[in-house]
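Spelled out, the chains give:
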Amino acid sequence: MHGLVICAFESFVRHSYGAAPWAALVEGLDAGIERFEPMFHYDDALAARLVRETARVLGKPDEALLEDFGTFLVAHPASERVRRLLRFGGVDYEDFLASLEDLSGRVCLAVPDLVLPEISLTELGGGDYRLHSADAPPEFAPVLSGLLRAMADDYGALVLVEETGAEDGGVHLAIRLLEAAFARGRGFALAQRAG
Amino acid sequence: MRGELPIGLGPAALDRLMPMHLVADGDGVITHAGPVLGKIFPAGGVVGARFFDLFEVRRPRQAASLDDIARRAGRKVQLRLRDPDRTPLIGAAVPLEAGQGVLVNLSFGIAVVDAVARFNLAGSDFAATDLTLEMLYLVEAKSAAMAESRKLNERLHGAKATAEAEARSDTLTGLSNRRALDQTLERLIARAVPFTLMHLDLDFFKQVNDTLGHAAGDLVLTEVARILCEETRSEDVVARVGGDEFVLVFTRLIERSRMVAIAERVILRLEEPVRFGDREARISASIGLVSSLNYDRPEATRMMRDADMALYVSKDRGRGRVTFFDEAHQAKAGPAMDAALNRG
């Protein structure tokens, strides 16, 4: 697991629940790690254990915690960077959905060793979309759901996102775009504000 | 030629393909401008203005008219806006059919990052095929990645400085350093483990440095370190505490006769000449010893001072000698002894 992902998760836990629970979690892992470095790589099993432990300590189901994490990535000022990079994907929500197919490629351009699951999007018409990622771990589904809902708010769109299981494994989501311009959205200036 | 029939494109189609283009007539007056030019000149008035009043052509230098530029179809045109920032632009110009004028397509080139902020451009201001958005994305992502790398570097730099400050070994000889020695003494005293402290000072080392040079001196020090390690057990500590000063801690070894035997053997071995090229370096050593059992409540600083004093008595007695601190009282105090006392 790339350190950037773990550090984003750390930022989520710290901002939502405080520094003390995070410090206790890292110590509880007993992995000889004092802090996670964003540019290092960590064992996937360790990352999975971190998520399970966090959910246990905070008394939340894994899924709910991961979905909150996905929301945090877009909605919280601390991860404005992630929101901006996602907003570069499209001028409206439909455009953004289509850009998800390029997401892993875009991320690779910026950080070559950060490998995200490949996403494929099928447009069924009438605002219905099916998202599928064959190589994604199951934890990816709630994170992506949270992120897609938060991005809809960001664009001012109204959507329904639902996980739909499938026999072939991987992650399947059903997305229904009810209204592309439901609210004002947060706006997006191409130029980054100074500082 | 087949496949090369002229195609007619209306202004709306051109605006979509090239949001930052303009058409100027034979007199250089702009007759149509793409939507982005409206953002660059928010006060309006682009259509109807003279091309050269809005833009300054930098290259090709000798271009006096748009026709000049258009005739160089395919060549890049470098321009600047006649605005306070003199915003740089690049363009490509082609002549239109039947004297309808010239079409100029513009772009910000590498200055796009600033221009996007200056003219408050949005994603929809760029053609779908334009890679500007991808470039802006990359600029931002790279800056973020660089910021993380820089933070990591700063942390590593700090960690390195800390590690150096907390180093426990002497870089030349690999022996323990003063800090490690202090920690050992503290630990032994806290646990009431009996030990003997040996303070060893090389004799004639300065002469080796002076006559054979520092390389020979370093070689001698490395040899000394090797011998001291060979003559001690793994639980003992050998520390280099000064240029040619060493302190050895013998854990649970307090038998006086054994300590004297060890000290004398160490001196004998140190007196063996060290070959340096075709020359030989010869040194000896003086030793002061003190046992922790001499004290009701041993203290590291006091023991170090007492071992130092015993050492100076050894020096006084003619070098290559071994002295126990409690014997030092009986020895006649000489000038070196006075020096040691004054130092304490």
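Taking an unreviewed UniProt entry as the reference, chain A is identified by name as Heme NO-binding domain-containing protein belonging to Sinisalibacter lacisalsi.

Undergrad: If you had to explain the overall build of chain B to someone new, which residues and values would you point to?
TA: Helix and strand content of chain B: 13 helices and 13 strands. Every one of the 344 residues in chain B was classed for burial, and the buried ones make up 32%.

Undergrad: Account for the sheet that holds strand 8 (residues 237–240) of chain B, with residues named and values stated.
TA: Sheets are built from strands paired through backbone hydrogen bonds, the pairs being either parallel or antiparallel. All names here are of chain B. A sheet is described by the order of its strands in space; here 5 strands give the open sequence 8-9-7-12-13, paired in mixed fashion. Across the chains shown, the open sheet's two edge strands, defined by having one partner strand only, are strand 8 and strand 13 (322–324). Ignoring strand direction, the axes of neighbouring strands in this sheet form an average angle of 20°. Lying over the sheet, helix 11 (residues 300–316) contacts strand 7 (195–203), strand 12 (284–291) and strand 13, oriented at roughly 140° with respect to strand 12.

Undergrad: Any chance you could break down the nonpolar core for me, citing the residues and the numbers?
TA: Residue and element names in this part refer to chain B. Met198, Val220, Leu248, Ile287, Leu289 and Ala310 are the most contacted members of the largest nonpolar core, which has 47 residues in total. Of all the elements, helix 11 adds the most residues to this core, at 7 residues. The residues touching Ala310, leaving out its near neighbours within four places in the chain, are Gly288, Leu289, Val290, Thr323, Phe324, Phe325 and Ala328.

Undergrad: If you had to explain unusual backbone geometry to someone new, which residues and values would you point to?
TA: The omega torsion of the bond from B:Arg59 to B:Pro60 falls at -5°, within 30 degrees of zero and hence cis. Among the secondary structure elements, B:Pro60 is positioned in the loop between strand 3 (55–59) and helix 4 (66–71). Phi is positive for A:Asp30, which is not a glycine, with a value near 55°. According to the C-beta neighbour criterion, A:Asp30 is exposed, with 7 such atoms within 10 Å. In this structure, B:Ala192 is a non-glycine residue whose phi angle is positive, near 55°.

Undergrad: Could you give me a rundown of the interface of chain A and chain B, with the residues and numbers involved?
TA: Chain A puts 15 residues into the contact, and the matching count from chain B is 18 residues. Put simply, the parts of the chain that give the side of chain A that touches chain B at least two residues each are helix 5 (80–87) and helix 7 (103–110) of chain A.

Undergrad: So what about the environment of B:Leu89? Which residues, and what values?
TA: Residue and element names in this part refer to chain B. Inspection of the secondary structure assignment puts Leu89 in strand 5 (residues 88–95). For the pair Leu89 and Ser107, spaced 18 residues apart in the sequence, the C-alpha separation amounts to 5.7 Å. Filtering out sequence-adjacent residues up to four positions away, Leu89 remains in contact with Leu79, Arg80, Leu81, Leu106, Ser107, Phe108 and Gly109.

Undergrad: Any chance you could break down the packing of helix 8 (residues 205–212) of chain B against helix 9 (residues 214–230) of chain B for me, citing the residues and the numbers?
TA: Residues and elements named next belong to chain B. The contact between helix 8 and helix 9 brings their axes to 6 Å, and the two run at 145°. Contact residues: helix 8 offers Phe205, Val208, Asn209 and Leu212, while helix 9 offers His214, Ala216, Gly217 and Val220. When the residues that make up the contact of helix 8 with helix 9 are grouped by side-chain class, the tally is 5 nonpolar, 3 polar and no charged.

Rules used in this analysis
Residues numbered from 1 in each chain as written. Chains lettered and ligands numbered in written order. Predicted model: local features only at pLDDT ≥ 70, side-chain atom pairs only at ≥ 80, totals over all residues. Helix = DSSP H or I, 4+ residues; strand = E, 2+ residues; numbered from the N terminus. Buried ≥ 20, exposed ≤ 12 C-beta atoms within 10 Å, placed from the backbone. Pairing = 2+ DSSP bridges. Axes fitted to C-alpha atoms, helices over the stretch in contact; angles between N-to-C directions. Contact = placed C-beta atoms within 7 Å. Core = buried A, V, L, I, M, F, W, Y, C linked by C-beta atoms within 7 Å. Nonpolar A, V, L, I, M, F, W, Y, C, P; charged D, E, K, R; others polar.

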